[in-house]
Amino acid sequence: HYGNFKEPYVPSNLLTVLALDSNQRQTFTLGSPPLGVAFGIDNRAFIVTRDEFLLLDPVTGATQVLQTIAGATSKELPVPGATWPTEIIRASVAPSADGMWVIGIAELATQAQPEPQCSTLAGVTICVVPPPITTDNGALVVTYNVNTKQVIAQGWIASPPLGPRAMSVARDGSTLATGWGVFTRGGILLAQFRDAAGVLATGSVALDSAKGLIYGQVTRKTQAATPTPAPGQQGSTPAPGTPEVEPPVLVVADADNLTVRERLRLPENLAGKAVLSSNGEVMYAVSSSGLAILPVGTLARLPRVAASQEDVVFRGSFCDRRVMTQEIDIVDPGGGRTDFSLEISLPGVTVSPASGVTPARVRVSIDPNAFQNEKGTTAGTIQILSQAGVNIPFPVRVLINSREPDQRGSFFNAPGKLVDILADPGRNRFYVLRQDKNQVLVYDGANYRLLRTLRTGNTPTQMAMTLDRQLLLVGADDSQIVHVYNLDTMEMERPIVMPSGHYPRSLAAAGRAILVASRVAGPKHLISRADMYMRIATALPTLGVYENNINIDTMLAGTPSGAGIFAVQGDGNVMLYDANADTFAVSRKDFTKLSGAYAALSDERFVVDNNLLNGALAPIQRLETASGSSSGFALVNGQGVRTTAPTSDRPGVVQRVDLAQGTGVRPTRMTEAPLLSEALPGAVFRRTLGALPASQVLVSLTTSGFTVLPYQYDAAVADPRIERVASFADASDAVAPGGLITITGRDLSVVNAATREIPLPTALADSCLTVNGVLVPMVLVSPTQINGQLPFAVSGSATMILRTPGGVSNSFRFGIQGTAPTVFRSGVAGEDRGIPTVVRALNGQLVTLSNPIHPEDSIVIYATGMGVTAPAVRDGYPGPADPLAEVLVEPEVTLGGEPLPIVYAGLAPGQVGVYQINAEVPYWVPLGMELPLTIKQGSYSTTLNVRVVK
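Below or above, wherever it landed, is the structure these notes cover. (Residues numbered from 1 in each chain as written. Predicted model: local features only at pLDDT ≥ 70, side-chain atom pairs only at ≥ 80, totals over all residues. Heavy atoms only, no water.)

### As for the overall build of the protein
This is how it is decided: Strands are runs of DSSP state E lasting at least 2 residues, helices are runs of H or I lasting at least 4, and numbering of each runs from the N terminus. We call a residue buried when its accessible area falls under 20% of the maximum for its residue type, exposed when it is over 50%, and partly exposed in between, using a 1.4 Å probe and counting protein chains only. By definition, residues are in contact when any of their heavy atoms lie within 4.5 Å.
A tally of regular secondary structure across the protein gives 1 helix and 90 strands. The dimensions of the protein, computed from C-alpha atoms along their principal axes, are 110 × 80 × 55 Å. Each of the 950 residues in the protein was classed as buried or not, and the buried ones make up 54%. Once local pairs closer than 6 in sequence are excluded, the contacts in the protein between residues at least 24 apart make up 53%.

### Observations concerning the sheet that holds strand β54 (residues 596–600)
Hydrogen bonding along the main chain pairs the strands of a sheet, whether they run parallel or antiparallel. Selection criterion: Two strands form a pair only when DSSP identifies at least two bridges running between them.
The sheet built from 5 strands is open, its strands ordered β57-β56-β55-β54-β62 with mixed pairing. Every other strand in the sheet has two partners, leaving β57 (619–622) and β62 (685–686) as the edge strands with one partner each. Bridge count for β54 against strand β55 (residues 606–608) is 3 bridges, and the pairing is antiparallel. Bridge pairing in β55 places Ala-599 opposite Val-607.

### Brief notes about the nonpolar core
Rule in force here: Nine residue types can take part in a nonpolar core, namely buried Ala, Val, Leu, Ile, Met, Phe, Trp, Tyr and Cys, and a core is a set of them joined through side-chain atoms within 4.5 Å.
In terms of nonpolar packing, the biggest core is built from 41 residues, with Phe-430, Phe-706, Leu-769, Val-771, Met-800 and Phe-814 touching the most fellow members. Setting aside residues no more than four positions away along its own chain, Leu-769 makes contact with Ile-722, Ile-743, Thr-762, Val-774, Leu-775, Val-776, Met-778, Ile-786, Met-800, Ile-801 and Leu-802. Within the second largest apolar cluster, 32 residues are counted, among which are Ala-94, Ile-105, Ala-166 and Ala-196.

### Description of the packing of aromatic side chains
Rules: Geometry of aromatic contacts follows a simple scheme: Phe, Tyr and Trp rings, the Trp one being its six-membered ring, pair when their centres are within 6.5 Å, and the pair is stacked under 30 degrees between planes, edge-to-face over 60, tilted otherwise. Consider the ring centre and the ring normal. A charge sits over the ring if Lys NZ or Arg CZ is within 6 Å of that centre and within 35 degrees of that normal.
Scanning all chains against the criterion turns up 14 aromatic pairs. A centroid spacing of 6.1 Å and a plane angle of 80 degrees characterise the contact between Tyr-598 and Phe-685, whose relative ring orientation is edge-to-face. Of this pair, Tyr-598 sits in strand β54 while Phe-685 sits in strand β62, and the two are 87 residues apart along the sequence. Comparing Tyr-598 with Phe-685, the two get one shared label, buried. Members of the aromatic cluster, joined through ring pairs, are Phe-412, Phe-430, Tyr-443, Tyr-448 and Phe-706. Its end group placed over the ring of Phe-394, Lys-437 keeps NZ or CZ at 5.1 Å from the ring centre. The side chain of Arg-519 reaches across the aromatic face of Tyr-503, ending 4.1 Å from its centre.

### Structural notes on unusual backbone geometry
In the segment running from Ala-870 into Pro-871, the intervening peptide bond is cis, with an omega of 0 degrees. On the secondary structure map, Pro-871 appears in the loop between β83 (869–870) and β84 (886–887). Here the residue pair Asp-882 and Pro-883 is connected by a cis peptide bond, since its omega of 0 degrees sits within 30 degrees of zero. Following the sequence through the fold, Pro-883 ends up in the loop between β83 and β84. At Asn-428, a position not held by glycine, the phi torsion is positive, near 50 degrees. Of note, Asn-428 is situated in the loop between β36 (418–424) and β37 (429–434). The exposure class assigned to Asn-428 is buried, which follows from its relative accessible area of 15%.

### A look at the side chain of Thr-671
Relative to the helices and strands, Thr-671 is located in the loop between β61 (663–669) and β62. Using a relative accessible area of 0% as the deciding quantity, one classes Thr-671 as buried. Once you skip the residues sitting within four places of it in the chain, Thr-671 turns out to touch Lys-375, Gly-376, Asn-401, Arg-403, Gln-407, Arg-408, Gly-409, Ser-410, Phe-411 and Asp-766.

### Describing the sheet that holds strand β63 (residues 689–692)
Formally: Note on geometry: axes are C-alpha line fits, over the in-contact stretch for helices, and angles between N-to-C directions span 0 to 180 degrees.
With antiparallel pairing, 4 strands are arranged side by side in an open sheet as β35-β65-β64-β63. Edge positions in the sheet fall to β35 (410–413) and β63, since each of these pairs with one other strand and no more. This sheet shows a mean twist of 25 degrees between the axes of neighbouring strands, independent of strand direction. The pairing of β63 with strand β64 (residues 697–702) spans 4 bridges and is classified as antiparallel. Bridging across to β64, Gly-690 finds its partner in Val-699.

### Topic: the pattern of salt bridges
Note the cut-off: By salt bridge we mean one thing: a side-chain nitrogen of Lys or Arg within 4 Å of a carboxyl oxygen of Asp or Glu.
Here the structure, examined in full by the defined rule, presents 33 salt bridges. For Asp-590, the salt bridge goes to Arg-588, with nearest N and O atoms at 2.8 Å. Residues joined by salt bridges that share partners form a network here, namely Arg-194, Asp-477, Asp-478, Arg-505, Arg-519 and Asp-553.

### A look at the environment of Leu-342
Mapping Leu-342 onto the fold places it in strand β29 (residues 339–344). When the C-alpha atoms of Leu-342 and Ala-414 are compared, they prove to be 23 Å apart, with 72 residues separating the residues in sequence. Not counting the four nearest positions on each side in its chain, Leu-342 is found in contact with Ile-330, Val-351, Pro-353, Ala-354, Val-362, Ile-382, Gln-383 and Ile-384.

### With respect to the pairing of strand β41 (residues 471–476)
In terms of burial, β41 is largely enclosed, as 6 of its 6 residues are buried. Neither face of β41 is left uncovered, since the one carrying Leu-471, Leu-473 and Gly-475 and the one carrying Leu-472, Val-474 and Ala-476 both have all their residues buried. Of the pairings in the sheet, the one linking strand β40 (residues 460–465) to β41 comprises 5 bridges and is antiparallel in character. Looking at the pairing, Ala-464 lines up with Leu-473 of β41. Between β40 and β41, which pair antiparallel in sequence order, lie 5 residues; one of them, Arg-469, sits at a positive phi of approximately 60 degrees. Note that β41 and strand β42 (residues 481–486) share 4 bridges and pair antiparallel. Pairing of Leu-473 across the sheet is with Val-484, part of β42.

Functional significance is not addressed by these values, which are geometric in nature.
The following block contains the structure:
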């Protein structure tokens, strides 16, 4: 019972002990106001008071003073009316589940010394030092070891204050969540909630270390930082000038880096401490009206709404201007039936149905004519709303690319907020930093396939490699550690711990140092040196002869030789660290501000935005600005390559840069724009371009994800030439509607690209194929081969035309049969390759000499080219499972001349262009080593030999 009354009032600092079985109570008097209490495994109560730490035996009432508190203060009573308890009692204490640790936090009043106020008169300067100002940014964090009875009290200064004033501890006491952050027991900030306002009286946090989750409501700076209103004031008219407050939201996030998994609507604001049931199923929290009981462990049974994918990408082209449609699923992750409605932010985009009940398949359609004047990528969103759903669904991004033939590059969709790219030429990989999910995406530089996803700190900002190219370092804007990964094993190593209050935004490696530019919760932003052996960073006392005081927007880039580190700052200052002298040798300010691309090209050439600098960082050339804002800069074969764009929805421009003259060479339009500052709020500088010599390609972060450009993107491209169309199954000339085909020729594409998209796209790697004017869904494109699906609507004499950025192909004429079943020769068994895909149903294995067909077997034959089906299936879409899509022309199957009864003939469920025939083998079938298995459908038949034994 808090009773810190001023004289002459008598304080009543009481502690009541309740016996939970008998409901009996005892009240004890304490000498100081109690701020928090928790039990350890020894069944004794650890009590934090204003003046001391006590240990209480609840049976005898005996107390033991463990330690006194120096400098800790608390709010004094009385306070004005309508002041809520959470504003008075700014303390919280919680035990670990194993009972070995008790950790608490309480208010610690601190004094800030204002800057002297100086004035000069007649050459004499007089300064007046104002008195210190008492602030509430201080917190007393108390750690009590139940086993050793040791108390450690730490005074933390936090800006903003550590609010909400709640404490939650991991099961083993190793980490804790309090205020707006997750900390180690030793005080290292692992991650913090973004844009926290530091409001003490609104919100709560609860840590479930067993599940690796944290539940939190933390008021953001964009919300009104005002106390929780009284229950009786709910719904009343706010006072004039009162800012609007966002609805209360509970965030479910990963406990290590606060990656958001769910956002749940709360009935009202939480307002204090929260605890979880022992199984983590229920969260109990103080709320603005009393007690909130939240079934967080049973989210799977609560109504929620979500989309099946993050992005919907439409690749418009010169090939086709018809309405394009894709499908997404709106689901309840728990399998329930929950209402939803959809809102579109872009004209020319429609959804059907726009509302309904989960699960529902929604068709998203775009009219390309609405975007015909947009030659880049237009982005919009589909907002998902629900009356019954407890969550706030993440929106779906809609991307519409409307390119022209002269635009170079193939773009690959990568959802999320991408902020940095780093090439790894030695491994032919590249790394992309996804900020909204706290991830490093590792891509193969040969086929652009996602190899691995690495977890980072909260709000990652930049990557760097050590000079030996063995370790990847990742800095973050909301974590006070640098994550470290071994690039050979892709495993996380021990992180680098930053000084308290330092957020590592940028890193770079040189021969004698790894430097870190940090946003600092203090008067100055600083550069630190990282010790890779100790894995700690220490702020440099000075930057050589220059003060260690940098702009908050500072980025570092190491030179390729490791001889230096280039530092660019948003206020226009540029600096150069000399690794040989181990000091900052240059600091210049020739600009009022800087932004855009930056790179250290060599020991003597640097670039920032549109400026080329020499080894002394003096501007020597001004690059052109007509093509738009700078985004990326890379070095290719000793020549600079630069990307720019006017806006994010227009085509980007890529051009070579003559580093001696500072002039652009052959500017070429890109498929879409590279990422600009408008796409990266808060990021003044950008690094969006990387070069991979092994693959001879450039990779640029762009609107939809990343775009791949060959080194010779500006070279003259030969017109494509089609030479043959054949069945993908057996390479024969027999092809039929709906079947998979392979096209061979010359200069069919400038890059190799394959897709797993379903439905199959009709434009892939900037190539577009038509048969009698109907678009062909494609699986793979390369300079010599294209694989795709022949449309169901074409037949008879046909003309195929390929359109690429290099030009239009010859008109290739070929014949299409109504049905042309061809069996796939893609089977593998041991050392054998090219085995026909005939499978024994009994064991699910291919029919081979060692696994022959037996009388009375059931067999499944996988083929293509069996024509149209009922129900009809759209081009590029997989065969349905319910109902099955059966062929209209029934095939005949014989084995050794004996007809086989057909159980099913139609599209294989879940596969595009793949058909299957399920047949029964009679007991009287002939036996032999090479019996002919013949499939006849319509006027076409195909035969292969199989072994049949008893």
